[in-house]
Amino acid sequence: MPPYEAPCPVCTDFDRFYDARGNALAWTGQGETANYEALLAAVAEAAGHGLDPEHYAYSGLAAGNPRRADRDLDEMATRAWLDLAHDLTHGRLDPRRMEPGWTLARRDTDLAARLARALETGDVAGSLAALAPQDDGYRQLRTGLSAFRDVAAKNAWPAVAPGPALHPDDRGPRVAQLRARLEATGAVTRQVPAEDRDLFDADMAAAVLRLQRRAHLEDDGIVGAGMLAWLNTPASYRVRQIAANLERRRWHPDATATRRLRVNIPDFALDVIEAGDVVAQHRVIVGRPSRRTPVFSAEMAYIILNPWWETPHSIAVRDELPSFRADPGAVERLGFQVLDRDGNIVDSGEIDWDLVSARDFPYRLRQAPGPLNALGEVKFIFPNPHNTYLHDTPSRHLFEESRRTFSSGCMRVDRPADLAHWVTSGMTGWPAKRVDAVMAGNAETRIDLDARIPVDVVYWTVVPEAGAGIRLVDDPYNKDSFIIDELSGGGSADQE
């Protein structure tokens, strides 16, 4: 990716700000330096948002003398305020570069007018703080950032030496290292005799399993290569990971809708949100790394009960055709209809699937409603350019897995009837009992919503938890490193 460049709106605000004041100095030579000193403190505080104060000329401002009229220093200060204001409002990076298909518009903010007002009222620091996200989740990440910086500064996490997988009941010096690592974060608190510190006991096994499930790692209770890499990830990298997630949150405008849905891909979770509070949560299955679920926002317009599945061409060729070649009877058994290019139904029993070309696949597949339908009993439609949506699944056992990257890009949701009840709640003619009765049949039924419901599909690898700080989850699509690299100005995001 090309290096970060300050966006033109900041340059425009810079010119507008000085034009409005007849090009008079704003920060220097004013006889008092309170605004300048407040700016310097606010730039230093940028670190608390996961931003580098040097991106806002901290050293240059600290070395300057605001008592003397100085055009260069004055413009440096103005640019620092505008750049920091922009980055707190919109994010330092352009999400359209980081997430292909990004659909959210940026917040519309007149930064030149805000700066003029801040100088007039003497509220320079407050004016900047007010531009950052104000939700509890963002504040929890900032608290977590500070805590992990302390851990990194003290080098308080012991490492576990490389070696073979560690299993419950194992003994040895690496088990003692594992115990020390788990104790350092409070995952294990029970004291044991000195002679048992090298024993992988039941408490350690339970702690490892909890960590694996909270992070969505393979939850086998064994410290294999993946778990070892997770434990040995240094706090310094976690600091940058939290900073990357603060950046992701700045990309989202303030939520205004009373009812909304949010899917967090790495956490495999859908949050049902009312008036800013999460009132319910559903597990989800997302796209495998080779067929990623995109990050985007849209509005749910309708749901379909007992949907037919119009199989996308890519899935028909990559998934269904090999299945039909291996088992031709699966076509009828799974409820598929085969249509030719003119839309005529073809007798699948007359097709030799071994002779059907994947490159020039001549059919369209559609699957009838029923217990084996790939969409399950309901799908939730929010029109978007990715043709990605939420739906039920007949493979509900997969929700028991910790790492749920199994789909071809769409999101499968557990307890779909509960979600359908919430989506249709308050709608005339669609009480929960009627929704359930229709779902119990096989007739495809569309329900248009009275009011559209915003849906945000996000990628957050640091998750705030009410009353429990933050939770770090695995990065299934390896996206963090790109943001970390860009925020550092193109430097390496390797795990030190």
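Please refer to the structure placed before this passage.
Since this is a predicted model, take the numbers as computed values, not measurements. (Residues numbered from 1 in each chain as written. Predicted model: local features only at pLDDT ≥ 70, side-chain atom pairs only at ≥ 80, totals over all residues. Heavy atoms only, no water.)

A. Looking closely at the side chain of His90. Along the chain, His90 falls in helix α4 (residues 71–90). On the basis of relative accessibility, which here comes to 10%, the residue His90 falls in the buried class. If we ignore the near neighbours within four places in the chain, the residues touching His90 are Arg106, Arg107, Arg250 and Trp251. (Helix = DSSP H or I, 4+ residues; strand = E, 2+ residues; numbered from the N terminus. Buried < 20%, exposed > 50% of the residue type's maximum accessible area, 1.4 Å probe, protein only. Contact = heavy atoms within 4.5 Å.)

B. Spatial organisation of the packing of helix α15 (residues 416–424) against helix α16 (residues 432–439). At a closest axis distance of 10 Å, the pairing of α15 and α16 adopts a crossing angle of 135 degrees. Relative to α16, the element α15 is oriented oblique. The way α15 lies across α16 gives a crossing that is right-handed. Touching Ala417, Ala420, His421 and Thr424 of α15 are Ala432, Val435, Asp436 and Met439, all from α16. Among the residues making up the contact of α15 with α16, the classes are represented as 5 nonpolar, 2 polar and 1 charged. (Axes fitted to C-alpha atoms, helices over the stretch in contact; angles between N-to-C directions. Parallel < 35°, antiparallel > 145°, perpendicular 65-115°, else oblique. Left-handed = near helix turned anticlockwise from the far one by under 90°. Nonpolar A, V, L, I, M, F, W, Y, C, P; charged D, E, K, R; others polar.)

C. View of the pairing of strand β6 (residues 336–339). Pairing analysis gives 4 bridges linking β6 to strand β8 (residues 364–367), with the strands arranged antiparallel. Within β8, the residue paired with Leu339 across the bridge is Arg364. Pairing of β6 with strand β7 (residues 345–346) involves 2 bridges; the strand directions are antiparallel. Each residue of the ladder has a partner; that of Leu339, found in β7, is Ile345. In this structure, the hairpin formed by β6 and β7 is closed by a connection of 5 residues, where Gly343 is found at a positive phi of approximately 90 degrees. (Pairing = 2+ DSSP bridges.)

D. Quick look at the nonpolar core. Judged by nonpolar contacts, the single largest core of 67 residues is most densely connected at Met300 and Phe380. Sorting elements by how many residues they give to this core places strand β4 (residues 296–305) first, with 8 residues. For Phe380, the contacting residues outside a window of four places in its chain are Met300, Tyr302, Ile303, Tyr389, Leu390, Val413, Pro416, Leu419, Ala420 and Val423. Leu73, Leu145, Val175 and Ala235 belong to the second-largest nonpolar core, a separate cluster that totals 62 residues. (Core = buried A, V, L, I, M, F, W, Y, C linked by side-chain atoms within 4.5 Å.)

E. Up close: unusual backbone geometry. Here the phi dihedral of Asn387 falls at roughly 55 degrees; this positive angle occurs in a residue that is not glycine. Mapped onto the elements, Asn387 comes out in the loop between β9 (378–381) and β10 (390–391). Taking relative accessible area as the criterion, Asn387 reaches 56% and is therefore assigned exposed. The backbone of Asn478 sits at a positive phi, close to 55 degrees, despite the residue not being glycine.

F. Representation of the packing of aromatic side chains. With the rule as written, the count across this model stands at 11 aromatic pairs. Note on Phe148 and Trp157: the rings are 5.6 Å apart at their centroids and 85 degrees apart in plane angle, and the pair reads as edge-to-face. With a centroid separation of 6.1 Å and 55 degrees between ring planes, the pair formed by Trp309 and Phe336 is classed as tilted. On the criterion of sequence distance, the pair formed by Trp309 in strand β5 (residues 309–310) and Phe336 in strand β6 is long-range, its members being 27 residues apart. (Phe/Tyr/Trp six-rings, centres within 6.5 Å; stacked < 30°, edge-to-face > 60°.)

G. Fine view of the environment of Val435. In this structure, Val435 sits in helix α16. Owing to a relative accessible area of 0%, Val435 belongs among the buried residues under this scheme. Separated by 15 residues in sequence, Val435 and Ala420 place their C-alpha atoms 7.7 Å apart.

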